[in-house]
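Listed here are the chains, written in short residue letters.
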Amino acid sequence: MKYTVITGASSGIGYETALAFAARGKNVVLAARRNEQLEELKAEITRINPDVDVIIRTTDLSIADNAYKLYESLQELQIETWINNAGFGNFASVANQDLNKIEPLLRLNIEALTILSSLFVRDYSNSEGAQLINVSSGGGYTIVGNAVTYCASKFYVSAFTEGLSHELRNQGARMQAKVLAPAATETEFAKRALNVKDFEYHGTVPKFHTAKEMAGFMLDLYDSDKVVGIVDGLTYEFELRDAIFNYVERTR
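Notes on the structure in this doc start here. Owing to the predicted nature of the structure, the values given are computational and were not obtained by experimental measurement.

Quick notes on the environment of L164
Step number 1: As for its position among the elements, L164 is in helix α5 (residues 148-170).
Step number 2: Accessibility expressed as a relative area gives 9% for L164, which makes it buried.
Step number 3: Remark: the alpha-carbon pair of L164 and S117, spanning 47 residues in sequence, is separated by 9.4 Å.
Step number 4: Aside from chain neighbours lying at most four places away, what touches L164 is V121, L132 and A177.

Spelled out as structure tokens, the structure:
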């Protein structure tokens, strides 16, 4: 029995991605901080497809040790796909940003993703059909004003994952490493990034996708042999592309 692991599964893109993979008959491991939402998601998946096995892991991945513990807790499972979706954003100038918020942002967006990616690649790089999908952002390819630190964290995700993709291909590994780069998506992202209780996308954001649409794009990327699935920041069309950043082979 094989599993798809999805972090940040309690809401938004992670939640809808779990439903989309479960609808395909994929067994899932759902990881997030909020247990109640995970239990609700498990119940919804069971309603849609009662044959799917659903495992819940309640954890705060902004604490590095928890990333190791999460991975270790899944050692008895055969993992087919690992989706690092957990992350959050922030809107503020570098001078005025709240470092008490920035520190966990960097730990979650960068540190936990690196730890979990590295452990998964270490164990499954030569497993047929294995995929690692890391969720970046359009802000992982374009610097957005008043979100410099967030974008920098997502540039890391994009560069790390594209570089890993080159590395795996050069080694002849069977695993594929891919980047999903959404633009504005109707999730809880804006509320946390802006530190507000409520945020209405309709009438405020000119263009955006729903989380369900992004989950569909996730599946498109999963089904493809491309490295990057990115939403065009102007047209909001979804594109499947080869690696975008320049890559130079080390010669010695």
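Topic: the nonpolar core
Step number 1: Among the nonpolar cores identified, the biggest contains 32 residues, and L74, W82, F120 and M175 are the most heavily contacted of them.
Step number 2: Elements represented by at least two residues in this core include exactly β1 (2-7), β2 (27-32), α3 (64-72), β4 (78-84), α4 (99-124) and α5.

Description of the sheet that holds strand β6 (residues 176-181)
Step number 1: Ordered by their spatial adjacency, eight strands build an open sheet running β3-β2-β1-β4-β5-β6-β9-β10, and the pairing between neighbours is mixed. Lying at the two open borders of the sheet, with one neighbouring strand each, are β3 (54-58) and β10 (238-241). With strand direction ignored, the average angle separating the axes of adjacent strands in the sheet is 20°.
Step number 2: Two strands pair when backbone bridges link them, and β4 and strand β5 (residues 131-135) are joined in this way by four bridges, in the parallel orientation. Paired with T81 across the strands is Q131, a residue of β5.
Step number 3: Along the sheet, α4 contacts β1, β4 and β5; its crossing angle with β4, the most-contacted strand, is approximately 155°.

Things to note about the pattern of salt bridges
Step number 1: Scanning all chains against the criterion turns up seven salt bridges.
Step number 2: With a shortest N-O distance of 2.6 Å, R24 and D223 are connected by a salt bridge. A residue pair is termed long-range when its members are at least 10 positions apart, and R24 in the loop between α1 (12-23) and β2 and D223 in helix α7 (residues 211-223) qualify at 199 residues.
Step number 3: You can call R24 partly exposed: its relative accessible area is 41%.
Step number 4: Judged by relative accessible area, which is 48%, D223 ranks as partly exposed.
Step number 5: K69 serves as the salt-bridge partner of D65, at 3.3 Å between the closest nitrogen and oxygen. Of this pair, D65 and K69 both sit in helix α3, four residues apart, roughly one helical turn.

Considerations on the environment of G139
Step number 1: Residue position: G139 is located in the loop between β5 and α5.
Step number 2: Given the relative accessible area of 5%, G139 is considered buried.
Step number 3: Those residues in contact with G139 that sit more than four places away from it in its chain are C151, K154 and F155.

Notes on α3
Step number 1: Every buried residue belonging to α3 is among N66, A67, L70 and Y71, and all of these are buried. The arc enclosing the buried residues of α3, seen along the axis, measures out at 135°, which places them on a common side.
Step number 2: Close packing links the buried residues of α3 with β1, β2, β3, β4 and α4.

Topic: the pairing of β4
Step number 1: Within β4, six of the seven residues are buried, leaving the element largely enclosed by the surrounding structure.
Step number 2: As paired strands, β1 and β4 are joined by five bridges and run parallel to one another. Each bridged residue has a counterpart across the sheet, and for K2 the counterpart in β4 is Q78.
Step number 3: Remark: the β4/α4/β5 crossover connection has right-handed handedness.

Conventions and cut-offs
Residues numbered from 1 in each chain as written. Predicted model: local features only at pLDDT ≥ 70, side-chain atom pairs only at ≥ 80, totals over all residues. Heavy atoms only, no water. Helix = DSSP H or I, 4+ residues; strand = E, 2+ residues; numbered from the N terminus. Buried < 20%, exposed > 50% of the residue type's maximum accessible area, 1.4 Å probe, protein only. Contact = heavy atoms within 4.5 Å. Core = buried A, V, L, I, M, F, W, Y, C linked by side-chain atoms within 4.5 Å. Pairing = 2+ DSSP bridges. Axes fitted to C-alpha atoms, helices over the stretch in contact; angles between N-to-C directions. Salt bridge = Lys/Arg side-chain N within 4 Å of Asp/Glu carboxyl O. Arc of directions from axis to C-beta. Right-handed = clockwise from strand over helix to strand, strands pointing away.

Shape descriptors only; they carry no functional weight alone.
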